Each structure stands twice: as C-alpha cells, then as structure tokens.
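Read off the chains here:
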Amino acid sequence: LKHRDTALTDNGVKAVKLDLRPGWACGEGPESDVVVSTRARLARNLSGRPFPGRASTADLMEVAGLVGEAINNADSELSNLEVIDLKDLGEAEREYLVDAHVASYEQVEPKDGRLIILNSEGSIAIMVNEEDHLRIQTILAGLQPAAAWELVDRVDDCLGRALRYEYSDGYGYLTASLSNVGTGLRISTMLHLAGLASTGRVSRTLRAAYELGISVRGLFGEGTGGYGDFYQVSNEITLGLPEREIVHRVRGVAEYLIGEERRARQTLSETRRSECAARAAERLETLRRAKTAGAVEALGMLSSIRLAACMGIVQGAGMQLFNELLISMGIGRLSGANRVSWDAVKMEMTRAPKIRNRLEELFVVEN
C-alpha cells in the first residue's frame, strides 16, 4: 500500500491515494488450488438517517464525516486504516479497487459522500454510502470463513462503539435490501471450478449448492457471469440464523465444491491428461503471441492454464501469479453499468503485454 499524496475532503477527512496489493492474492491460503479468497461482509446503517438510495447529498456527506471521524479516533484495531475519498482517485485507480475485489463498481463512481477505507494488506475494506451506509468487509486468502468472520466482527465492534446503528429488536440490523436484514452478514468464497466445467458437471454441482440455501454468483457478484470458471458462493439469507451457523453453512458447501472439483481434476488427469496439456500449451502460445487480448477470452485461456498448473501439467509459477493476473487485467469493467463507455481496443492492447510478460517462465510437462 503506497501513499501517493494526501488531501482533505470537504468533510475534513484525511484522504490518501493508494496503490493496493491485496494480501489475498498471495495464493498461500488454505485450499488455495480451488479457493482464491474468502470474504465476510456486514451491512450496517446509521440510526436516524435515510439509506443512501433515498439520502440527499448533505445526508451522505454527514454520514461520511461521522464514519471518517470514527476511523480517525478509533482504537488500535483500526489504527492502520486509511480513508480515501473516491473523487480524489483517477479512473484507473478506482477500477483497480474493483478488480482487487475491495469495492463494487457502483461504489467507485465518484459521488459526494462515497469513501473507501482500507488497511495496508487490503484484508479490511469498508465501503461508505454504497447501498448501505457501511459495507464492512474482510478478505482473506483461500478458505477461511471463520477467520474472516472473526476479523469483521472485531472491526464492527470497534466502529459500533463510536457509531449508533439502525437496529430492530424484532428483525435485527435494518438494511436497504431485505435479503440483508438480520445479522447483515454475508460470507462468500471465490472458487475456481474449471475441472467441473471441463467435465460438464459444473451446472449440476452448483445446483446442489442452491438447494442448500447458498447463492452462486459470477466473479464480481450479483448480475455477473462466471468468467473464467470463477464463481462466488455465499449465504442467501441473513435473517433468523446466528452468525456462526452462516459461517458453518458456507464452509460446508465450499468444502463440498472443493471435493467435487478435485475429483473432476483427478478424472481429467487420468483420462484426458494429454488433451489438457495440449490445450494449455496452445493457450500459452496464443497469449504469448497476442498483440491484443479481450478480457473474457483471455480469462478463459488463463483458466485452462491455471487448471493445468493445479494438475502439475504447467510449471514455473504458483497460484500467486494467476491471482495477480486476475487483478491486473481490468476485468472489473464488465461488472459496471457503463460497460461500453470505455475504449475497449485500447484496453485490449494494454492487457496483452501484461499477460505476456507474466507468462514468460511457464512451461508444459505432460508426465
């Protein structure tokens, strides 16, 4: 996390421009061959103030000021957080926050009162004035739902000592979306299910997750596709279930999907290993020679290469390389409302050398 400069927002809140390298991209978490990251997110709203969708600019600015003051005066648990006014960031920086999965595309639109609050590792990310006043997130590498929940709970407790949340004795925490009323907790894991996709079993397997009350979304959440065979699985409801039960359910479904994905990879290794090696070699060569690279097409090719790496067919790099590529490719644009308002050709020309340079050390071994 690099400080580029500092300034004061209209609220007098310290804003710092940053270059973020999120810790979840290290590729060293539990079950990291299948699970890229785990996120715990709490939705909270300040008492007596309209939700962001109905709030005036003055309301949003007041909320931003209160949250910023709470962060700046917080105890040691939050002492390393930096408050960023999104209007102070350039377009590329805002989009990078989306690609790093610490902010939604809606959040990074530069509107009055919108802040993002981060720690140096990107393991804590708080969105201010998105759908709710606060979306408190913790993001860890691999499969760590309990650790992610415990961390987000501590952050919530610290903020709750300075801020009064909207709460009902009958319903729990009140939120802009009914699906978040109650605990306000979402636990999600991002999984790479390329083995199941390659064996034609991904739809059937994900259907079992739905039946267990778990939602399945694309790489950038609701309304996005499963680009590159990456999927997010999370709890569907937050009302009527204690937090630890939500953690337990999500972990159970994630472990089921991990087991099915590894069985699919084993089947591929035993019956179609040469085919997987040939596909990986072809796609490596294509990306190394490409002058331009479309986001969806490139991610699809990288998915096959990552799968082959997990099977021991592609060597020369670990999961960190693929995670960092996932962040640096500018794919988050696909989740935004203005998906066609940017220079696609320029992005494709920029993306190609980024990928090409990172793949130089990779090689294919069939046996």
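Residues numbered from 1 in each chain as written. Predicted model: local features only at pLDDT ≥ 70, side-chain atom pairs only at ≥ 80, totals over all residues. Heavy atoms only, no water.

Under the defined criterion, the tally for this structure stands at 2 aromatic pairs. Relative to Y173, the ring of Y165 has its centre 6.1 Å away and its plane inclined at 75 degrees; by these criteria the two rings are edge-to-face. Classification of Y165 by relative accessible area gives buried; the value is 10%. A centroid spacing of 4.9 Å and a plane angle of 75 degrees characterise the contact between Y167 and Y173, whose relative ring orientation is edge-to-face. Residue Y167 is classed as partly exposed on the basis of its relative accessible area, which comes to 46%. Cluster of aromatic residues (ring-pair linked, three or more members): Y165, Y167 and Y173. For the cation-ring pair, R44 lies above Y165, with the distance from its terminal atom to the ring centre recorded as 5.8 Å. When the ring centre of Y173 is taken as origin, the NZ or CZ atom of R44, which lies over that ring, is 3.5 Å away. (Phe/Tyr/Trp six-rings, centres within 6.5 Å; stacked < 30°, edge-to-face > 60°. Buried < 20%, exposed > 50% of the residue type's maximum accessible area, 1.4 Å probe, protein only. Lys NZ or Arg CZ within 6 Å of the ring centre and 35° of its normal.)

Strand pairing in a sheet takes place through backbone hydrogen bonds and is either antiparallel or parallel in direction. The strand order β4-β5-β6-β7-β3-β10-β12-β11 describes an open sheet built from 8 strands, whose pairing is antiparallel. Edge positions in the open sheet fall to β4 (82-85) and β11 (214-217), since each of these has one partner strand only. On average, adjacent strands in this sheet sit at an angle of 20 degrees to one another, irrespective of strand direction. Strands in contact with helix α6 (residues 243-271) are β3 (35-44), β10 (185-192), β11 and β12 (230-235); relative to β10, the strand with the most contacts, it is inclined by about 10 degrees. Running over the sheet, helix α8 (residues 295-310) touches β3, β10 and β12 and is turned about 75 degrees from β10. (Pairing = 2+ DSSP bridges. Helix = DSSP H or I, 4+ residues; strand = E, 2+ residues; numbered from the N terminus. Axes fitted to C-alpha atoms, helices over the stretch in contact; angles between N-to-C directions. Contact = heavy atoms within 4.5 Å.)

Before going further, it helps to spend a moment on the confidence of the model for the chain. When pLDDT is averaged along the chain, the result is 87, and 88% of the positions lie at 70 or above. Between residues 1-17, whose pLDDT stays under 50, and residues either more than four places distant or in other chains, the model counts 51 contacts. Confidence drops under pLDDT 50 across residues 337-341; counting only partners more than four residues distant or on other chains, this segment forms 4 contacts. (pLDDT = per-residue confidence, 0-100.)

The next thing to look at is unusual backbone geometry. In this structure, E31 is a non-glycine residue whose phi angle is positive, near 55 degrees. Position of E31 relative to the elements: it lies in the loop between β2 (14-19) and β3. Note on E31: relative accessible area 30%, which makes it partly exposed. Notably, D229 is not glycine yet its phi reads approximately 65 degrees, a positive angle.

A word on the nonpolar core. Where a protein is soluble and globular, its nonpolar side chains tend to be buried together. Ranked by internal contacts, the top residues of the largest apolar core, which has 55 residues, are L97, I355 and L359. For this core, the secondary structure elements donating two or more residues are α2 (91-99), β5 (115-118), β6 (124-128), β7 (134-141), α7 (273-289), α8, α9 (319-328) and α10 (344-358). Here this core gets 9 residues from one element, more than from any other, and that element is α8. Counting residues in hydrophobic clusters, the runner-up holds 52 residues, among them A40, V128, L163 and I214. (Core = buried A, V, L, I, M, F, W, Y, C linked by side-chain atoms within 4.5 Å.)

Time to look at the packing of α8 against α9. α9 packs onto α8 with a crossing angle of 165 degrees between their chain directions and a minimal axis gap of 10 Å. Accordingly, the angle class assigned to the pair α8 and α9 is roughly antiparallel. At the point where α8 passes α9, the crossing takes the left-handed sense. Between α8 and α9, the residues in contact are L299, L302, I305, R306, A309 and C310 and M319, F322, N323, L325 and L326, respectively. Its residues placed into classes, the contact of α8 with α9 shows 9 nonpolar, 1 polar and 1 charged. (Parallel < 35°, antiparallel > 145°, perpendicular 65-115°, else oblique. Left-handed = near helix turned anticlockwise from the far one by under 90°. Nonpolar A, V, L, I, M, F, W, Y, C, P; charged D, E, K, R; others polar.)

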